[in-house]
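Examination of the molecular architecture
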Amino acid sequence: MKFITAFFLAGLAATVSSVPLARRDVDPNLVPQFGFSAGVNPTGTGDCDGAVNGADGKPIKIPCACPPDRNAFIASLNGNVNAGHVVNNPGVAVTFPTDGSTASQIARLQTSIVTLQNLNGPGQGCPVVSTTFLKQQQALQG
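All values derive from a computational prediction rather than experimental measurement.

**Things to note about the environment of Val40**
Assignment of secondary structure puts Val40 in the loop between helix H1 (2–17) and strand E1 (47–53). With 22 residues separating them along the chain, Val40 and Ile62 place their C-alpha atoms 9.6 Å apart. Once you skip the residues sitting within four places of it in the chain, Val40 turns out to touch Cys48 and Asp49.

**Examining the side chain of Gln137**
Along the chain, Gln137 turns up in helix H4 (residues 133–141). Since its relative accessible area comes to 11%, Gln137 is described here as buried. At 3.4 Å, the side chain of Gln137 and the side chain of Gln110 are in polar contact.

**Regarding the pattern of salt bridges**
On inspection of all chains with the given rule, the structure shows one salt bridge. For Lys61, the salt bridge identified is with Asp49, shortest N-O distance 2.6 Å. Placement of Lys61 in strand E2 (residues 59–63) and of Asp49 in strand E1 is noted, with a sequence separation of twelve residues between them.

**Things to note about the pairing of E2**
Sheet analysis places E1 next to E2, joined by four bridges and oriented antiparallel. Following the sheet pairing, Cys48 is matched in E2 by Ile62. Hairpin remark: E1 followed by E2, antiparallel, with five residues in the connecting loop; positive phi at Gly57, about 85 degrees.

**Let's talk about the state of the cysteines**
A covalent bond bridging the sulfur atoms of two cysteines is what the word disulfide describes. For the coordinates displayed, the defined rule picks out two disulfides. Disulfide partner of Cys48: Cys64, at an S-S distance of 1.9 Å. Taking the sign of the torsion about the S-S bond as the criterion, the disulfide between Cys48 and Cys64, at about 95 degrees, is right-handed. Of this pair, Cys48 sits in strand E1 while Cys64 sits in the loop between E2 and helix H2 (70–83), and the two are 16 residues apart along the sequence. The class of Cys48 is buried, set by a relative accessible area of 1%. Residue Cys64 is classed as partly exposed on the basis of its relative accessible area, which comes to 22%. Covalently, Cys66 is tied to Cys126 through a disulfide, its sulfur atoms 2.1 Å apart. The sign of the -85 degrees torsion about the S-S bond sets the Cys66-Cys126 disulfide as left-handed.

**Some details on the packing of aromatic side chains**
Inspection of the entire model under this criterion finds three aromatic pairs. Measuring from centroid to centroid gives 5.1 Å for Phe34 and Phe73, while their planes differ by 70 degrees, and the two rings are edge-to-face. Residue Phe34 is found in the loop between H1 and E1, and its partner Phe73 is found in helix H2; the two are separated by 39 residues along the sequence. Just as Phe34 is buried, Phe73 falls in that class too. Taking 6.4 Å as the distance between ring centres and 45 degrees as the angle between the ring planes, the aromatic pair formed by Phe73 and Phe133 counts as tilted.

Reading guide: rules and limits
Residue numbering note: each chain is counted from 1, following its sequence as written. Reporting in this predicted model follows two pLDDT cut-offs: at least 70 for local features of residues, and 80 or more for side-chain atom pairs to be given and counted; totals over whole chains, interfaces and linings ignore these cut-offs and use all residues. Side-chain numbers here rest on the full set of heavy atoms in the structure, without hydrogens or water. Every helix listed is a DSSP run of H or I at least four residues long, and every strand listed is a run of E at least two residues long, numbered separately from the N terminus. Residue contacts are defined here by distance: any two heavy atoms, one from each residue, within 4.5 Å place the two residues in contact. Exposed residues in this analysis have more than 50% of their type's maximum accessible area, buried residues have under 20%, and partly exposed residues fall in between, with area computed by a 1.4 Å probe over protein chains only. Two N or O atoms form a polar contact when they lie within 3.5 Å of each other; inside protein one atom must be a possible hydrogen donor and the other a possible acceptor, and for residues adjacent in sequence the pair counts only when both atoms belong to side chains. Each salt bridge in this description consists of a side-chain nitrogen of Lys or Arg and a carboxyl oxygen of Asp or Glu lying within 4 Å of one another. Two strands form a pair only when DSSP identifies at least two bridges running between them. Working definition: a disulfide is two cysteine sulfur atoms within 2.5 Å of each other. Centres within 6.5 Å make a pair out of two Phe, Tyr or Trp rings, where for Trp the six-membered ring is used; the pair is then stacked when the planes are under 30 degrees apart, edge-to-face when over 60, and tilted otherwise.

Structure follows, in structure tokens:
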């Protein structure tokens with residue numbers, strides 16, 4: 001009888017532990033700001049100045065549509081976080097912890113970076129230099 005009870009409880013625990021977690025949208029207040037706007041100094045050929053200067057001291061050129069609309073970006077971020085990976089690049093796992101620790105802030109930035117870079121398919125999004133995400137990450141890493 002003890003064996004049957006133990007077997008039943010083990011099965012129940014396995015069933016309970018395999019129930020998927022509820023999906024949730026991220027708190028928009030925790031999504032890092034781009035720190036830059038799209039369409040700065042267009043050249044007429046589809047590229048604009050990015051948020052980051054290159055080795056020559058001039059802004060790195062980016063697509064003028066980058067960074068994307070914040071609401072569209074957050075919608076994509078929500079999809080990735082709920083899936084546990086980048087939807088358009090499933091080999092890239094993501095997390096979006098909600099506490100205020102430095103490690104969690106860095107994880108949120110990293111998830112934002114891979115979401116940005118894979119908006120329209122694997123490696124088909126906006127370059128990270130269209131934002132200040134790397135600068136924000138470096139500031140956290142001290």
